[in-house]
Amino acid sequence: MDNASNGSEKARDAQAYEDIDGITAAVASGEISEALVVAEGEERTTWFVWLLVACASISGLLFGYDTGVISGALVTIGGDLGPAELSSGQKELITSATTLGALLGGLVAGMLSDFLGRRPVLGIADIIFIGGAIGQAVCHTVWSMIGCRFLIGIGVGVAACVAPLYIQELSPTRLRGRMVVVNVVMITGGQVVAYGIDAAFENTHGGWRWMVGLGAVPAALQAMFLFFLPESPRIMIRRDNYDAAHATMAKIYAYATPEQVDLKVRSLAAAVKLSVEITKSTTLLQRVRLILTDPINRRALIVGCGMQAFQQLCGFNTLMYYSATLFKEIGFDQPTAVGLIVSGTNFIFTLIALKYIDIIGRRKIMLWSAPGMIIGLVLASVAFHFLTKKTGGDLVDGTQYSTTWSAIVLVAMIFYVASYATGLGNVPWQQGELFGLEVRGIGTSLATTTNWAGNLLIGATYLSLMDRITPAGAFGFYAGLCLLGWIFCVFCFPETAGLSLEEVRLIFRHGFGIRESERLRQEKRALRASEKAQRKGELPVGDSEKV
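Predicted model only: the values in this text are computed from it and were never measured.

*Asks:* Before we go on, may I ask you to explain the overall build of the protein in this structure?
*Replies:* Along the backbone of the protein there are 24 helices and zero strands. Sorting the 547 residues of the protein into buried and exposed places 58% on the buried side. Across the protein, every contact between residues at least 6 apart in sequence was considered, and the portion connecting residues at least 24 apart equals 81%. Of the roughly 20900 Å² that the protein leaves accessible, carbon and sulfur atoms contribute 65%.

*Asks:* Which parts of the structure should I look at to understand the pattern of salt bridges?
*Replies:* This model, assessed by the stated rule, comprises 12 salt bridges. Of the charged contacts in the structure, one is a salt bridge between Asp114 and Arg118, with a shortest N-O distance of 2.8 Å. In this structure, Glu169 and Arg118 form a salt bridge, with 2.9 Å as the shortest nitrogen-oxygen distance. Remark: Arg118 occurs in helix α7 (residues 118-138) and Glu169 occurs in helix α8 (residues 142-170); sequence separation between them is 51 residues. Arg118 shares its class with Glu169; the two are buried. Three or more residues are tied together by salt bridges with common partners; here these are Asp114, Arg118, Glu169, Arg238 and Arg440.

*Asks:* I'm lost on the packing of aromatic side chains in this one. Help?
*Replies:* The geometry of an aromatic ring pair is captured by the separation of the ring centres together with the interplanar angle, meaning the angle of the planes. The final tally for this structure, using the stated rule, is nine aromatic pairs. Summarising the aromatic geometry, the rings of Phe386 and Trp405 are spaced 5.0 Å apart at their centres and angled 10 degrees between planes, so their arrangement reads as stacked. Of the two residues, Phe386 is situated in helix α20 (residues 362-387) and Trp405 in helix α21 (residues 403-422); the sequence distance between them amounts to 19 residues. Aromatic side chains Phe475 and Tyr478 sit 6.1 Å apart centroid to centroid with 85 degrees between the ring planes, which places their arrangement in the edge-to-face category. Here Phe475 and its partner Tyr478 are both found in helix α22 (residues 437-492), three residues apart, which amounts to about one turn of the helix. Both residues of the pair, Phe475 and Tyr478, count as buried. Pairwise contacts between aromatic rings join Phe384, Phe475, Phe477 and Tyr478 into one cluster.

*Asks:* Help me understand the packing of helix α5 (residues 58-74) against helix α11 (residues 216-225), please; the structure alone is not making it clear to me.
*Replies:* Pairs of packed helices are described in terms of their axes, by the angle between the two and the distance that separates them. Here α5 crosses α11 at 165 degrees, and the two axes come no closer than 10 Å. The angle between α5 and α11 places the two elements in the roughly antiparallel class. Where α5 crosses over α11, the handedness of that crossing is left-handed. Contacts between α5 and α11 involve Ile58, Ser59, Leu61 and Leu62 from the former and Pro218, Ala219, Gln222 and Phe225 from the latter.

*Asks:* Can you help me understand the nonpolar core in this one?
*Replies:* One broad rule of soluble globular proteins: the nonpolar side chains tend to lie buried together. Counting residues in hydrophobic clusters, the biggest one holds 116 residues, and the most contacted among them are Cys314, Phe384 and Phe475. A per-element tally of this core places α22 first, with 16 residues. If we skip the residues at most four places from it in the chain, Phe384 touches Leu326, Ile330, Leu395, Val409, Pro471, Ala472 and Phe475. Counting 19 residues, the second largest nonpolar core, distinct from the first, contains Val69, Leu74, Ile146 and Phe201.

*Asks:* Quick question: what am I supposed to make of the packing of α20 against α21 here?
*Replies:* Running from N to C, α20 and α21 cross one another at 165 degrees; their axes reach a closest spacing of 8 Å. By the criterion of interaxial angle, the relationship of α20 to α21 is roughly antiparallel. Between α20 and α21 lies a crossing whose hand is left-handed. For the contact of α20 with α21, the residue count by class is 18 nonpolar, six polar and no charged.

*Asks:* Please explain the environment of Leu351 as it appears in this structure.
*Replies:* Relative to the helices and strands, Leu351 is located in helix α19 (residues 335-360). Residue Leu351 is classed as partly exposed on the basis of its relative accessible area, which comes to 35%. As a C-alpha pair, Leu351 and Val184 span 167 residues in sequence and 9.1 Å in three-dimensional space.

*Asks:* For this particular structure, what's the right way to read a nonpolar patch on the surface?
*Replies:* On the surface, Leu112, Phe115, Leu116 and Ile124 cluster together into a nonpolar patch covering about 360 Å² of accessible area. Here the nonpolar patch takes three residues from helix α6 (residues 88-116), the largest share from any one element. Considering the arrangement of structural elements, one finds Phe115 in helix α6. For Phe115, a relative accessible area of 67% puts it in the exposed group.

*Asks:* Please explain unusual backbone geometry as it appears in this structure.
*Replies:* Leaving glycine out, the prevailing phi sign among residues is negative, and the prevailing peptide bond configuration is trans. Phi is positive for Asp240, which is not a glycine, with a value near 65 degrees. With respect to the helices and strands, Asp240 occurs in the loop between α12 (233-238) and α13 (242-252). For Asp240, a relative accessible area of 45% gives the class partly exposed. Phi angles above zero are rare outside glycine, and Thr470 is one such case at about 70 degrees. Mapped onto the elements of the fold, Thr470 is located in helix α22.

Here is what the cut-offs are and how they apply
- Residues numbered from 1 in each chain as written.
- Predicted model: local features only at pLDDT ≥ 70, side-chain atom pairs only at ≥ 80, totals over all residues.
- Heavy atoms only, no water.
- Helix = DSSP H or I, 4+ residues; strand = E, 2+ residues; numbered from the N terminus.
- Buried < 20%, exposed > 50% of the residue type's maximum accessible area, 1.4 Å probe, protein only.
- Contact = heavy atoms within 4.5 Å.
- Areas by Shrake-Rupley, 256 points an atom, 1.4 Å probe, with all protein chains shown as cover.
- Salt bridge = Lys/Arg side-chain N within 4 Å of Asp/Glu carboxyl O.
- Phe/Tyr/Trp six-rings, centres within 6.5 Å; stacked < 30°, edge-to-face > 60°.
- Axes fitted to C-alpha atoms, helices over the stretch in contact; angles between N-to-C directions.
- Parallel < 35°, antiparallel > 145°, perpendicular 65-115°, else oblique.
- Left-handed = near helix turned anticlockwise from the far one by under 90°.
- Core = buried A, V, L, I, M, F, W, Y, C linked by side-chain atoms within 4.5 Å.
- Nonpolar A, V, L, I, M, F, W, Y, C, P; charged D, E, K, R; others polar.
- Patch = residues over 30% accessible without salt bridge, like charges linked within 9 Å, V, L, I, M, F, W, Y side chains within 5 Å.

That is the geometry; function is a separate question.
This is the structure:
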């Protein structure tokens, strides 16, 4: 870069400094601040950012592993916990204990992270994971297993809430969705690893103890890595620790000039000024009331909780918890290996979401992928109907079922899982971007709690539902819930790709923001195009005001 371009860039940054005081006013008026657009810039993502995200995403790996590993463990426990065979009710209790713990963990995690910071709360989750994993490995009764699964669930709920939040607050706007999907990739990767471990120890005496106990390893690794990770810059600024925030931003934006980094910190501080004032002048209870009574916050909460409810009520996690049991009943000789195919599909198509979520956008991905889920579930329902005709519509273990219809069930499940992983498996975890900083922890806690409440409902009723209304009826019921979820997305889920965390809240001022989000994104694209033109010398600095 020559001296002339250096001088032009410094002049542009100097002008942006003068606009800092106008950022708060611009946000309040519902417009995009040009200073914020300049501050975002066209940064390259550094290895520091990827390492931060990779270390934080170990929480996702733990989430996936500990929810996926139980599927193989349930079919290999045998009489190790007392009874000769676990009953359906005992299996449901073991499975649901994790979900109940996650519901409670998720409820307090976001609010606790507002008080302690994002990083310490992730460390607390790791300690819980380690204790729960070791406890499961050594237990000898059904109730001790249930208690340890509950403890693991608390860790899962905390990690599921705070890890995406931490990653979002450390990520550049243009790649924020992709960075959060990295965490989801790790969740699905953890499920794949869990199924692989299940398959490896399936024929080993007491192998299920290794399955559940190995979950302590990644938790211990992340606990060590956390000593080297920074706190979220937004939390630092809220604590008036500008020097630490500046140091972290300088590492995240290593290719920026010192002036640009300083501009980013000042811009961020100005953008969250109102949130900081609200946080400092209100109690936790008042902020909980604020998220329920303020129209902007309430609409964001409806969207966040609605998407999380959709993710769980679609029935996906029944496959994660009971896939080995299901495939065993319909005649597959290696049910854990077949379950590995399903979890592998989930992992591969989550990688597709990783590539395109910031390019295509959250809303379009949901509108295109949800119909695929409906088709997969309807096909599975039809296949189960014909598969179980000779057994009165019920699955009877040990019956020789048609291999053709069993294969169609598997194909339907793969199609359903592929559609889920592309959209619904990751988009709801973008929930943190919906809320202003002053209620972000509370909002993500409530949305995560909704997720686990739905998970608890589905996990606790799946086997009973299969018995009462037959497998064909159960999967048809899930298809109907998916249709309702898709309708919710059409009318209530706005596009947030390309908007900063501080800009997203603008779209909820007058409704659910389907059109408003497009207006703001177009305005921002115009400003960014003007900024690029200035860098290339195609426009004088002042002409950006005409765009």
